[in-house]
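The primary structure of each chain is shown beneath.
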Amino acid sequence: MGIEEKLPSGFMLTSVEHLAGYMRKSSLWPATFGLACCAIEMMTTGAPRYDLARFGMEVFRASPRQADLMIVAGRVSQKMAPVVRQVYDQMVEPKWVLSMGVCASSGGMFNNYAIVQGVDHIIPVDIYLPGCPPRPEMLINAILELHKQIQSMPLGVNRVAAVKAAEAAALAATPTSQMKGLLR
Ligand code: SF4
């Protein structure tokens, strides 16, 4: 978007990508957002013992307009789903989503009509974190993995090519309804 689309390809773009990625990963601001028990671990991660401030992201923003990372910490009820989507829509671009815990990622043990069976039904997820609940060390590890993704995020023509490749891979994937799992 904006100037990113007008960036030239080649050496210059690679340098800009590297610099932009470094700055973006070093200045992530998470939205203040917790849905269930996983949120307690997320709060602990921001506290002095684990100290998210080391990564420049101790400031959990109260307004989604000042946040670029959503940590979905806990199960998402059907009632909360539109709220989660609205908060996501109000966040600034570029933005990332971390699905924390099995409940957020797949509904977990709540295999029922009240809980969304995976937050990726309502918003795109960049990284999934397993566990019930994941410990703060695991959350920090997921954040560091997300940093790597952000650092290597393409821009300009490279981004257009990456989006096309991801779209082609998604279209070629087996639909979930045809997958054989434990419940089929
Ligand atoms: S994954 Fe476990 S700790 Fe996290 S919201 Fe679900 S039940 Fe709670």
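Residues numbered from 1 in each chain as written. Predicted model: local features only at pLDDT ≥ 70, side-chain atom pairs only at ≥ 80, totals over all residues. Heavy atoms only, no water.

(A) The arrangement of a nonpolar patch on the surface in detail. There is a patch of nonpolar side chains on the surface, built from Leu19, Tyr22 and Met23 and spanning about 330 Å² of accessible area. Mapped onto the elements, Met23 comes out in helix α1 (residues 11-25). Its relative accessible area of 48% is what places Met23 among the partly exposed residues. (Patch = residues over 30% accessible without salt bridge, like charges linked within 9 Å, V, L, I, M, F, W, Y side chains within 5 Å. Areas by Shrake-Rupley, 256 points an atom, 1.4 Å probe, with all protein chains shown as cover. Salt bridge = Lys/Arg side-chain N within 4 Å of Asp/Glu carboxyl O. Helix = DSSP H or I, 4+ residues; strand = E, 2+ residues; numbered from the N terminus. Buried < 20%, exposed > 50% of the residue type's maximum accessible area, 1.4 Å probe, protein only.)

(B) Region of interest: the packing of helix α2 (residues 38-46) against helix α5 (residues 136-151). It is the contact of α2 with α5, at a shortest axis distance of 9 Å, that shows an interaxial angle of 75°. Between α2 and α5, the angle is such that the two are roughly perpendicular. Each of Glu41, Met42, Thr44 and Thr45 in α2 lies in contact with α5, whose residues at this interface are Pro136, Leu139 and Ile140. Of the residues belonging to the contact of α2 with α5, the class tally is 4 nonpolar, 2 polar and 1 charged. (Axes fitted to C-alpha atoms, helices over the stretch in contact; angles between N-to-C directions. Parallel < 35°, antiparallel > 145°, perpendicular 65-115°, else oblique. Contact = heavy atoms within 4.5 Å. Nonpolar A, V, L, I, M, F, W, Y, C, P; charged D, E, K, R; others polar.)

(C) Here's a closer look at the sheet that holds strand β3 (residues 127-129). With parallel pairing, 3 strands are arranged side by side in an open sheet as β1-β2-β3. Strands with a single pairing partner mark the edges of an open sheet, and in this sheet they are β1 (69-73) and β3. Across the sheet, the mean angle separating the axes of adjacent strands is 15° when strand polarity is ignored. One ladder, built from 5 bridges, connects β1 with strand β2 (residues 96-100); its direction is parallel. In the strand pairing of β2, Leu69 is matched with Trp96. (Pairing = 2+ DSSP bridges.)

(D) Summary view of the pattern of salt bridges. For the structure on display, the rule yields 3 salt bridges. Two residues, Arg135 and Glu137, come together in a salt bridge whose shortest N-O distance is 3.1 Å. Look at Arg135 and you get partly exposed, because its relative accessible area is 44%.

(E) Spotlight on the nonpolar core. Leu69, Ile71, Leu98, Met100 and Leu139 are the most contacted members of the largest nonpolar core, which totals 23 residues. Residue assignment for this core shows that the elements contributing at least two residues are α2, β1, β2, β3 and α5. Broken down by element, the residue count for this core peaks at 6 residues, all from α5. Ignoring sequence-local partners within four residues, the contact set of Ile71 consists of Pro30, Phe33, Met42, Phe60, Leu98, Met100 and Leu139. Among the nonpolar cores identified, the runner-up in size contains 17 residues, and Ala31, Ala81, Tyr88 and Ile123 belong to it. (Core = buried A, V, L, I, M, F, W, Y, C linked by side-chain atoms within 4.5 Å.)

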